[in-house]
Amino acid sequence: MSDRLKFENQMVLAVVQALLGAVSQSMTAISITTDLKEQSIELMFACCRDDPADAERIDDIVTDLDAILSGQVLITPLRWIGVDWTKSWPGRAGRMVYAAAGATSSRDDADDR
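What counts, and at which threshold
Residues numbered from 1 in each chain as written. Predicted model: local features only at pLDDT ≥ 70, side-chain atom pairs only at ≥ 80, totals over all residues. Heavy atoms only, no water. Phe/Tyr/Trp six-rings, centres within 6.5 Å; stacked < 30°, edge-to-face > 60°. Buried < 20%, exposed > 50% of the residue type's maximum accessible area, 1.4 Å probe, protein only. Pairing = 2+ DSSP bridges. Helix = DSSP H or I, 4+ residues; strand = E, 2+ residues; numbered from the N terminus. Right-handed = clockwise from strand over helix to strand, strands pointing away.

Asks: Could you give an account of the packing of aromatic side chains, naming the residues involved and the relevant values?
Replies: Considering all chains together, one arrives at one aromatic pair under this definition. Aromatic pair tryptophan 85 and tryptophan 89: ring centres 5.9 Å apart, planes at 85°, arrangement edge-to-face. Residue tryptophan 85 shares its accessibility class with tryptophan 89, and that shared class is buried.

This is how it looks when you write it as structure tokens:
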């Protein structure tokens, strides 16, 4: 296993630990991208609405993650607001760590009925 993949796997495990009990209903997807050389990660959140409580939760997640990683990794959180993360969310290019069940646009839900 490459050093890059080891680093990414370690970051995924740490992120999942930090997310326990912290994901809100409006957070529809979460992914990360990692940079081994820079010892950094981008933590990307897709939210279906602009909720100030989510911004606070994200700050708490970052604080918890920083503690888990002992401050050794630079964490950059990014929040995207949109109805359907499956189509236009830039975080889809990262490694998925969370996706809400049935988190699609209401138009897609109506098509399924």
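Asks: How would you summarise the pairing of strand S3 (residues 74–81) if you had to cite specific residues and measurements?
Replies: Inspection of the sheet shows strand S2 (residues 40–47) paired to S3 by eight bridges, in the parallel sense. Within S3, the residue paired with isoleucine 41 across the bridge is isoleucine 75. For the segment spanning S2, helix H2 (residues 52–68) and S3, crossover handedness is right-handed.

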